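Structural description and commentary
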Amino acid sequence: MTTIHRKFSILEAGSPRYVLARKKAIGKSIYLGVAMAYNSSGQFEWACSSYDGSEFETHEDTFIPNPERTVPQQLEKLNDTIIEIVRDYATTHNYRIQGVCIGCDEETAKIVSKSPELKDPIRSMCTRFWFDLDATPCIYTLRGLSLTEEAASAARKVYDWFTPQFPGNIPRIAVDPETNEVLVDMDSHCHMVDLHHFEETTDKPTWDRLLALADECKQRKLKILFFNSTPQGGGVALMRHAMIRLMRLLGVDCRWFVAKPNPDVFVITKRKFHNVFQGVAAEEEFRLTEDDKKLWIEWCEQNFDNYWGKGKGVVDDADVIIMDDPQVSAIIPHIRKLNPNTRIIYRSHIEIRADLATIPGSMQHDLWDFLWNGYIKHTDLFLSHPVAGFIPPRVPHEKVALLPAATDELDGLNKKMSPADIEYYRRVFNR
């Protein structure tokens, strides 16, 4: 390893600045940009820029390959070197790396795209940042007059995806303004995991079955769509981000759309749909009124006409559509009319108190009667949690399938973390 210009400052353990940094309650958030270039001599030049929202600090090096090693082996060594340097830099300063952008210029990007032996280790570097440093990684093509400029540009780019005033490594949610499609994982720029990571979370028969189903979807060129009311803030959104991420790695054409938010409608769907079905809202003030129905139906129809309807390239040629919960279920008849051949699945995530829904005159009975007869009965399958009490009346037995809730073992909520990461989040939550 030969230094070109400068290195990150590493504080000596026990020094006054080191002691002061370690006493901080919560580590200072920083964002990294890593720029790489592959030259004609087979050497990788790289620069890493640290950005805290106001100042940059840059480290530049040239990685001289060992001719006795293969290119993938050399890149794995480069990954180890970069991870070690930035970990020491962050640890001694008590910095918290929230996100990192890894990229290269267009010329290097062309070389990498045509060579799996170069592309795979770079993607592996992203997953190393995610699992080893708990930093959200993304990949971009960069522009600049030097590696230093490209690294600084990358650091600023990843910084712009976050909300720095809130500690944490969760990037902003992006939604396409034309169709309200959720642009999962920073519009596909984020790369946290590879397929082999998912394979390690399950047994071989299950994994082989998943691959077979994915191959069938690809061979039949199936277009799969999900619809729900929000891209964040609940269990459904959490599962959909993970689902789209996995489907993309598998090469399955799968997209996710959400409705344009309306605070007045949210009150209806949360308090008079969700809470009533669960039996936690017993007062008559939570009974659905005719005005509530009118406002909700108009909202659903406006979303369908403005974002997903005829000529929008969304519902027109979809093969399978999954409706998550009742929030936007009023669009089901419109889907059926526009695309009669599509298969529609209603996925019931929330608890529907079937015991209360069977009592004539109860809020649950009247609400379910309204939603089922007007909308949900037009679906092909009712997918419920495997709990008998969650399946409401009037759903034909032959339409019911059971599927428990799922979670992603590799996302930020569930992945294994180091004691230092756990301590960081403990301080954040208790601040």
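Above this text is the structure in question.
We now turn to the structure provided with this report. (Residues numbered from 1 in each chain as written. Predicted model: local features only at pLDDT ≥ 70, side-chain atom pairs only at ≥ 80, totals over all residues. Heavy atoms only, no water.)

1. A word on the packing of aromatic side chains
Aromatic ring pairs are defined here through the distance separating the ring centres and the angle between the ring planes. The condition that has to hold: When the centres of two rings from Phe, Tyr and Trp lie within 6.5 Å, Trp using its six-membered ring, the rings pair. Their planes under 30 degrees apart give stacked, over 60 give edge-to-face, and anything left gives tilted. With a 1.4 Å probe rolled over the protein chains alone, any residue whose accessible area is under 20% of its type maximum counts as buried; one over 50% counts as exposed, and the rest are partly exposed.
One pass over the full model with this rule turns up 17 aromatic pairs. Centre to centre, the rings of Tyr89 and Tyr95 are 5.5 Å apart; their planes meet at 70°, and the pair counts as edge-to-face. We classify Tyr89 as buried; its relative accessible area is 1%. By relative accessible area, Tyr95 is classed as partly exposed at 21%. For the pair Tyr425 and Phe429, a centre-to-centre distance of 6.3 Å together with 25° between the ring planes defines the contact as stacked.

2. Some details on the pattern of salt bridges
Inclusion rule: Throughout this description, the term salt bridge denotes a Lys or Arg side-chain nitrogen within 4 Å of a carboxyl oxygen of Asp or Glu. The numbering of helices and of strands both runs from the N terminus, where a helix is a DSSP run of H or I of at least 4 residues and a strand a run of E of at least 2.
Scanning the model with the defined rule gives 25 salt bridges in all. The salt bridge partner of Asp52 is Lys28, with a shortest N-O separation of 2.7 Å. Taken together, the residues Asp52 in the loop between β3 (44-51) and β4 (56-63) and Lys28 in strand β2 (residues 28-38) connect sequence positions 24 residues apart. Taking the shortest distance from any N to any O, the salt bridge between Asp380 and Arg343 comes out at 3.8 Å. Taken together, the residues span a long stretch of sequence, with Asp380 in the loop between α14 (363-374) and β11 (381-384) and Arg343 in strand β10 (residues 343-347) at a distance of 37 residues.

3. Observations concerning unusual backbone geometry
Even without a glycine there, the phi angle at Asp187 is positive, about 55°. Tracing the chain through its elements places Asp187 in helix α6 (residues 184-188). The phi angle at Lys221 is positive, at roughly 55°, despite the residue not being glycine. Along the polypeptide, Lys221 turns up in the loop between α8 (204-219) and β7 (223-228).

4. Describing the sheet that holds strand β9 (residues 320-324)
Condition: Strands pair, by our definition, only if DSSP identifies at least two bridges between them. Axis lines are fitted through C-alpha atoms, for helices just across the contact stretch, and the angle between N-to-C directions can take any value from 0 to 180 degrees. Contact between two residues is taken to exist if any of their heavy atoms lie within 4.5 Å; hydrogens are not considered.
Ordered in space as β8-β7-β9-β10-β11-β12, the six strands form an open sheet in which the pairing is parallel. Either end of the sheet is taken by a strand with one partner, and the two such strands are β8 (253-258) and β12 (400-402). Adjacent strand axes in the sheet meet at a mean angle of 25°, parallel and antiparallel pairs treated alike. Both β7 and β8 contribute to a ladder of six bridges, which runs parallel. If you follow Phe227 over to β8, its bridge partner there is Phe257. Packed onto the sheet, helix α9 (residues 235-250) meets β7, β8, β9 and β10 and runs at close to 155° relative to β8.

5. Considerations on the packing of helix α10 (residues 263-278) against helix α11 (residues 290-308)
Formally: Roughly parallel refers to an angle under 35 degrees, roughly antiparallel to one over 145, roughly perpendicular to one between 65 and 115, and oblique to any angle outside these ranges. In a left-handed crossing the near helix is turned counterclockwise from the far helix by less than a right angle, and in a right-handed crossing that turn is clockwise. Throughout this entry, Asp, Glu, Lys and Arg are counted as charged residues, while Ala, Val, Leu, Ile, Met, Phe, Trp, Tyr, Cys and Pro are counted as nonpolar. The remaining residues, Gly among them, count as polar.
As a packed pair, α10 and α11 sit with axes 10 Å apart at the nearest point and diverge in direction by 120°. The angle between α10 and α11 falls in the class oblique. For α10 against α11, the interelement crossing comes out left-handed. Of α11, the residues touching α10 (which contributes Asp264, Val265, Ile268, Thr269, Lys272 and Phe273) are Asp292, Leu295, Trp296 and Trp299. Residues belonging to the contact of α10 with α11 are distributed by class as follows: six nonpolar, one polar and three charged.

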